[in-house]
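Chain and residue survey
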Amino acid sequence: EGGEVNLIIECKATSMSHEAKFGLSPMKARGYSDLTKAVLQIWRYTSNCRLGRTSEKVSKSCAGFVLTLDDWLVMSDPLQRKVLADAHEIRRSKEREIIEDDAIDVQFVTVRELERALTVLDELSIFEAIKRMQEDRFFGWRIDVVARSLFGEGRGSKSYPFREKIGELLPW
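A short tour of the structure in this document, coming up. Given the structure is predicted, the values throughout are model-derived calculations rather than measurements.

A separate point is the overall build of the protein. Helices and strands together make up the secondary structure of the protein, namely seven helices and three strands. Traced from its N-terminal end to its C-terminal end, the protein shows the element sequence β-α-α-β-α-β-α-α-α-α. Counting all 172 residues of the protein, 38% fall into the buried class. Total accessible area on the protein stands at roughly 10,400 Å², and carbon and sulfur atoms take up 52% of it.

In any sheet, the strands associate via hydrogen bonds between backbone groups, in a parallel or an antiparallel arrangement. Strand order in the open sheet formed by three strands is β1-β2-β3, and the pairing between neighbours is parallel. Every other strand in the sheet has two partners, leaving β1 (5–12) and β3 (106–110) as the edge strands with one partner each. Neighbour-to-neighbour, the strand axes of the sheet open up by a mean angle of 30 degrees, direction not taken into account. In this structure, strand β2 (residues 58–68) lies alongside β3, joined through five bridges in parallel fashion.

Next up on the list: the pattern of salt bridges. Enumeration over the complete set of coordinates arrives at 10 salt bridges. Residues Arg50 and Asp102 are paired through a salt bridge, measuring 2.8 Å at the closest nitrogen-oxygen approach. Residue Arg50 is found in helix α2 (residues 32–50), and its partner Asp102 is found in the loop between α3 (77–94) and β3; the two are separated by 52 residues along the sequence. When its relative accessible area of 3% is taken as the criterion, Asp102 is described as buried. In this structure, Glu89 engages Arg92 in a salt bridge whose closest nitrogen and oxygen atoms are separated by 3.8 Å. Note that Glu89 and Arg92 are positioned in helix α3 at a spacing of three residues, about one turn of the helix.

Conventions adopted
Residues numbered from 1 in each chain as written. Predicted model: local features only at pLDDT ≥ 70, side-chain atom pairs only at ≥ 80, totals over all residues. Heavy atoms only, no water. Helix = DSSP H or I, 4+ residues; strand = E, 2+ residues; numbered from the N terminus. Buried < 20%, exposed > 50% of the residue type's maximum accessible area, 1.4 Å probe, protein only. Areas by Shrake-Rupley, 256 points an atom, 1.4 Å probe, with all protein chains shown as cover. Pairing = 2+ DSSP bridges. Axes fitted to C-alpha atoms, helices over the stretch in contact; angles between N-to-C directions. Salt bridge = Lys/Arg side-chain N within 4 Å of Asp/Glu carboxyl O.

Okay, structure coming up:
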């Protein structure tokens with residue numbers, strides 16, 4: 001949009017431990033601190049853009065995604081809020097260059113749900129879904145469910161976008 005960054009994605013490939021999936025205190029399990037660090041990394045990037053350390057400019061509507069392999073925070077509004085609160089606390093106490101304006105909204109999205117959403121969303125509707133995920137009504141919802149709520153089931157599903165290019169993308 002106007003040469004500005006609209007979405008910042010930080011990938012986390014850490015697998016969930018048994019304790020993280022089924023334990024009584026999942027936030028104490030290995031991996032949740034990595035999600036907090038991922039949020040901070042997104043905010044650090046927005047800060048670097050604002051400070052002119054990159055050639056990029058972040059749009060006012062820019063959002064962040066922590067893209068995960070496992071369903072770390074799916075259907076857990078309290079855990080998502082805890083990860084974000086921890087990131088804000090670290091930002092205020094240790095990351096002085098990251099100001100409040102740099103702390104853009106961040107959502108937690110799994111690869112699987114993003115793939116499902118992309119089969120029914122186009123470029124405009126995906127950004128609408130991302131924007132709406134930031135509303136209280138949709139906080140903590142999966143992006144594919146938000147998309148279905150906003151746009152219904154009526155959209156035709158697209159075929160796998162890389163079907164014809166798989167050999168080019170994965171030459172081995």
